[in-house]
Amino acid sequence: MSSNEHSIRINGLGKRYEIYATSRNRLKQFIIPALQRLTGHQSSCYYQEFWALQDISFEIRKGEAFGIVGRNGSGKSTLLQLIAGTLTPTVGTVETHGRIAALLELGSGFNPEFTGRENVYLNAMLLGMTHDEVDARFDNIAAFADIGDYLDQPVKTYSSGMLVRLAFAVQVQIEPDILIVDEALAVGDALFQKRCYSRIEKLLSDGVTLLFVSHDQESVRTLTHRSILLKGGRAVSMGTSSQVLLAYRKLLHEEESAYFAQVIPELPAKRLTLPATPEETAEQSSLDTIPGRTDQLSFGDGGIEVVSVKTFNRGGEPSTVFYPGDLIRIRVDCTSRIETDRINVGIRIRNREGIKIYSWGTLNQDMQILAGIREGDVFWKRKIHAGEQFHVWLECDCTLGSNLYEIQASVTYEEKPNYTAQRMLHWMDEATFFQTLMRQEEYFFGGLCDLRMNARW
C-alpha cells in the first residue's frame with residue numbers, strides 16, 4: 001500500500017519502560033554503565049524491563065474507521081499516545097499522514113487556572129490554528145460544548161463531563177485528517193454522546209480516518225470497519241470488527257472462567273462434571289471447541305451445547321421471512337453431557353448494522369415467575385440429565401423494522417436466578433438469520449421497531 005493510500009503505518013512498534021526499585025538504582029543506572037563502557041567493562045543493569053507494547057504492526061487506510069479493544073492494561077492507551085506523538089517508541093516506527101486530533105485524556109493541554117474561553121484559544125493554537133481561525137470557529141465550539149456561562153469560569157471548577165465536552169468541541173473543529181478517540185467520551189451524558197457520534201460519522205463521511213478505543217463493543221462494531229485486539233501489549237487478533245469482538249468476548253470468557261475457578265472451585269466439580277472415561281475425556285475435548293461451521297463463532301466451558309437454532313412461523317412451519325404482526329417462533333436445540341440444573345437458554349438479536357436489538361432468555365421469564373408477576377414452571381429449577389437432548393421455544397410478535405437480523409444463542413449456568421453469577425457453557429454467533437419485510441400498502445412504519453402508535457384528534 002503506497003503512502004498516498006494510508007493514513008497510519010505501524011511497523012514493529014514497541015514501548016519499554018525501566019522500573020527502578022529505588023531512586024538510588026536510577027542514579028546508578030545513569031552513572032555506572034557509562035563509566036563501565038569507557039573502561040571496557042560489561043555494563044551493569046539496575047532496572048527491570050516492562051514492555052507496555054511489543055511487536056505491533058498494521059496499516060490504516062485513509063478514511064477508514066479502525067478500532068482498538070482490550071482489557072485495562074493491555075496497551076491501548078500506550079499505542080494511541082505513540083501514534084499521537086506524545087510518546088517516543090523504544091523500537092519500531094510510526095508513520096502518519098495529515099493533521100492529528102487526539103482526545104486521549106480529560107483536559108490534556110488545558111490550564112486549570114484559565115477559563116474555558118481562554119483554554120479554547122490556548123488549546124486550539126497549540127493544535128496549529130491561528131488566532132483568527134479560532135475567532136471564526138469559536139461560536140461553533142461554544143455551541144457544541146454547550147456548557148453555558150461556565151465557559152467564562154476557571155476549568156478547575158468543571159466536572160469531568162464538562163471538561164470532555166470542551167475538549168472534544170475543540171478537537172473536531174480543527175478539521176483533522178486523523179481523529180483519535182479514547183474512552184473519554186464515556187463520561188459524557190447520553191445527549192452529548194449522541195452529538196459526538198453524529199459528529200464522528202460526519203467526519204468519516206468527509207474522509208477523516210478514525211482510531212477508536214472503547215469498552216462498548218456495540219459502539220466499536222457500529223463505528224469501525226476493522227479492529228485489533230491487544231493483550232499484555234501484544235496483538236492477539238486483527239481483522240473485521242465483528243471477528244475481533246468475538247475474539248475479545250472469548251478472551252473475557254477465558255479470564256472470567258479462570259477467576260471463578262479460583263474463587264468458587266467447587267462449582268464446576270459439584271454441578272458441571274461427571275466421572276469421565278477416556279472416551280468421554282476425548283468427547284469433552286472436542287466439545288470445548290465445538291466442531292464444524294461454528295469453529296470460529298462459538299466458545300464456552302462446554303457441558304451443554306447449542307446444536308441448532310431455527311425460526312418458524314405461527315403455523316409451526318420453518319420460515320426466515322416475517323412481516324409486522326407475525327408471530328416469530330425461535331427453537332433452540334441443545335444437547336447435554338452433564339447432569340445439572342440452574343440453566344438459562346437465551347438469545348440475542350442484532351440487525352445488519354450490528355446493533356443489538358434485544359436479548360432475552362428463559363431466566364428472564366423465571367425471574368418474573370419467582371417474583372410472582374406471572375405463572376408457570378421455572379426452567380432454572382429443571383433437572384438436565386447427561387445425554388439428554390432438549391429444546392426451548394422462544395416466541396414474540398414481530399415488531400421489527402425492515403432489515404436482516406442475526407440470532408446469537410447461548411446456554412449459561414446461573415448459580416443464582418438473577419444473572420449475578422454466570423458461567424458461559426456455550427455461546428454461538430450467527431446461529432441463524434431471518435429477515436423482516438413490509439407490506440407497504442397495508443402496514444408501514446420507519447425505524448428499528450414498531451411502537452404501535454395511534455393518532456387522535
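Notes on the structure in this doc start here.

The rules behind the values
Residues numbered from 1 in each chain as written. Predicted model: local features only at pLDDT ≥ 70, side-chain atom pairs only at ≥ 80, totals over all residues. Heavy atoms only, no water. Helix = DSSP H or I, 4+ residues; strand = E, 2+ residues; numbered from the N terminus. Buried < 20%, exposed > 50% of the residue type's maximum accessible area, 1.4 Å probe, protein only. Contact = heavy atoms within 4.5 Å. Areas by Shrake-Rupley, 256 points an atom, 1.4 Å probe, with all protein chains shown as cover. Pairing = 2+ DSSP bridges. Axes fitted to C-alpha atoms, helices over the stretch in contact; angles between N-to-C directions. Parallel < 35°, antiparallel > 145°, perpendicular 65-115°, else oblique. Left-handed = near helix turned anticlockwise from the far one by under 90°. Salt bridge = Lys/Arg side-chain N within 4 Å of Asp/Glu carboxyl O. Core = buried A, V, L, I, M, F, W, Y, C linked by side-chain atoms within 4.5 Å. Phe/Tyr/Trp six-rings, centres within 6.5 Å; stacked < 30°, edge-to-face > 60°. Lys NZ or Arg CZ within 6 Å of the ring centre and 35° of its normal. Nonpolar A, V, L, I, M, F, W, Y, C, P; charged D, E, K, R; others polar.

Attention now moves to the overall build of the chain. Along the backbone of the chain there are 11 helices and 18 strands. Burial status across the chain gives 45% buried among its 457 residues. Pairs at least 24 apart in sequence give 71% of the contacts found in the chain among residues at least 6 apart. Of the roughly 23900 Å² of accessible surface on the chain, 50% is carried by carbon and sulfur atoms.

In this section: the sheet that holds strand S5 (residues 100-103). The mixed open sheet is built from 6 strands, whose spatial order is S5-S6-S7-S3-S8-S9. Strands with a single pairing partner mark the edges of an open sheet, and in this sheet they are S5 and strand S9 (234-240). Going across the sheet, the axis of each strand differs from the next one's by a mean of 15°, ignoring polarity. Pairing of S5 with strand S6 (residues 178-181), which is carried by 4 bridges, proceeds in the parallel orientation. Paired with Ala 101 across the bridge in S6 is Leu 179.

All right, on to the packing of helix H3 (residues 116-126) against helix H4 (residues 131-145) then. As a packed pair, H3 and H4 sit with axes 10 Å apart at the nearest point and diverge in direction by 130°. When the axes of H3 and H4 are compared, the pair comes out oblique. Viewed along their axes, H3 and H4 form a crossing whose handedness is right-handed. Here Arg 117, Val 120, Tyr 121, Ala 124 and Met 125 of H3 lie close against H4, whose contacting residues are His 131, Val 134, Asp 135, Phe 138 and Ile 141.

Another point: the environment of Thr 96. Within the secondary structure, Thr 96 is located in strand S4 (residues 91-96). In this structure, the C-alpha to C-alpha distance between Thr 96 and Ile 8, residues 88 residues apart in sequence, is 4.5 Å. Setting aside residues no more than four positions away along its own chain, Thr 96 makes contact with Ser 7, Ile 8, Ile 83 and Ile 178.

Per the counting criterion, the structure on display carries 16 salt bridges. Taking the shortest distance from any N to any O, the salt bridge between Lys 202 and Asp 206 comes out at 2.7 Å. A cluster of three or more residues bridged by salt bridges with shared partners is formed by Arg 9, Glu 59 and Glu 95.

A word on the nonpolar core. Core analysis: the biggest nonpolar cluster contains 46 residues, and Leu 166, Phe 168, Leu 179, Ile 200 and Leu 210 have the highest contact counts within it. The greatest single-element share of this core, amounting to 8 residues, is contributed by helix H5 (residues 160-171). Setting aside its immediate chain neighbours within four residues, Leu 179 contacts Ala 101, Ile 200, Leu 203, Val 208, Thr 209, Leu 210 and Leu 211.

Going through the model one piece at a time under the given rule, you end up with 10 aromatic pairs. Both rings, one in Tyr 150 and one in Tyr 158, keep their centres 6.4 Å apart while their planes meet at 90°; by these two values the pair is edge-to-face. Judged by its relative accessible area of 10%, Tyr 158 falls in the buried class. Among the aromatic residues, those joined into a cluster by ring pairs are Phe 322, Tyr 405 and Phe 434. Residue placement shows Lys 15 over the ring face of Tyr 17; its charged tip is 5.4 Å from the ring centre. Residue placement shows Arg 439 over the ring face of Tyr 323; its charged tip is 3.8 Å from the ring centre.

As judged from the 5 bridges shared by strand S14 (residues 343-351) and strand S15 (residues 356-361), these two strands associate in the antiparallel manner. Paired with Ile 349 across the bridge in S15 is Tyr 358. In this antiparallel pair of consecutive strands, S14 and S15, the connection spans 4 residues, and Gly 354 shows a positive phi of 85°.

Pairing within the open sheet is antiparallel, and its 3 strands lie in the order S2-S1-S4. Since the sheet does not close on itself, it has two edges, and those belong to strand S2 (48-61) and S4, each with one partner. On average, adjacent strands in this sheet sit at an angle of 20° to one another, irrespective of strand direction. With 5 bridges joining them, strand S1 (residues 6-19) and S4 adopt antiparallel strand pairing. Bridge pairing in S4 links Ile 8 to Thr 96.

All right, on to the packing of H4 against H5 then. At their nearest, the axes of H4 and H5 sit 8 Å apart, and the two run at 145° to each other. As for the relative orientation of H4 and H5, their crossing is right-handed in sense. In contact with Ile 141, Phe 144 and Ala 145 of H4, H5 contributes Arg 165, Leu 166, Phe 168, Ala 169 and Val 170. In terms of residue class, the contact of H4 with H5 is built from 7 nonpolar, no polar and 1 charged.

Attention now goes to unusual backbone geometry. A positive phi is found at Asp 146, a non-glycine position, where the angle reads about 55°. Mapped onto the secondary structure, Asp 146 falls in the loop between H4 and H5. Overall, the relative accessible area of 47% leaves Asp 146 in the partly exposed class. One non-glycine residue, Arg 452, lies in the positive phi region at around 55°. Structurally, Arg 452 is set in the segment after strand S18 (422-436).

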